[in-house]
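Understanding the architecture of this molecule
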Amino acid sequence: MKFIELKSRGGNYLVVAENVAWLRDYENGQTQVGMVGGAPLLVAGKIEDVAESILAQANAVS
């Protein structure tokens, strides 16, 4: 199980990388991150930047 950090304007999240289901553009430069079995999270950044961050963290050697 690998945890990744998602930055939000209201506080950061640590989520299990395998639980990220989808990404959707949202207003004001934010992105919704769909979570398996849960409500979407609203995170800071454009969809491309969020996707890049998720992949980089998930593929990083720990």
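Residues numbered from 1 in each chain as written. Predicted model: local features only at pLDDT ≥ 70, side-chain atom pairs only at ≥ 80, totals over all residues. Heavy atoms only, no water.

**With respect to the overall build of the protein**
Let me state the cut-off plainly: Put simply, DSSP H or I for four residues or longer makes a helix, DSSP E for two residues or longer makes a strand, and each gets a number counted from the N terminus. Each radius of gyration is computed over the set of C-alpha atoms, and the globule rule expresses the reference value as 2.2 Å times the number of residues to the power 0.38. A simple rule labels every residue: compare its accessible area, found with a 1.4 Å probe on the protein chains alone, to the largest value its type can have, and call it buried under 20%, exposed over 50%, or partly exposed in between. Residue contacts follow a heavy-atom distance rule, with two residues in contact if any of their heavy atoms lie within 4.5 Å. Using the Shrake-Rupley algorithm and a 1.4 Å probe, accessible areas are obtained, with residue cover drawn only from the displayed protein chains. The positive count covers Lys and Arg only, the negative count covers Asp and Glu only, and His and the chain ends enter neither. Every charge is mapped onto a representative atom, which is NZ of Lys, CZ of Arg, CG of Asp or CD of Glu.
Within the protein, the secondary structure is distributed over one helix and five strands. For the protein, the N- to C-terminal ordering of α and β elements is β-β-β-β-β-α. Rg of the C-alpha trace for the protein: 11 Å, near the compact-globule value of 11 Å for 62 residues, within the 12% margin. Referenced to the eigenvectors of the C-alpha coordinate spread, the extents of the protein come out at roughly 35 × 25 × 20 Å. The proportion of buried residues among the 62 residues of the protein is 27%. Considering only contacts within the protein whose residues lie at least 6 apart along the sequence, 30% involve residues at least 24 apart. Split by element, the accessible area of the protein, about 4100 Å² in all, is 53% carbon and sulfur. Averaging the coordinates of the 5 positive side-chain charges in the protein and doing the same for the 7 negative ones gives two points 3 Å apart.

**Thoughts on the environment of Glu 52**
Here Glu 52 lies in helix H1 (residues 47-59). Note: C-alpha distance between Glu 52 and Gln 32 (20 residues apart in sequence) is 14 Å.

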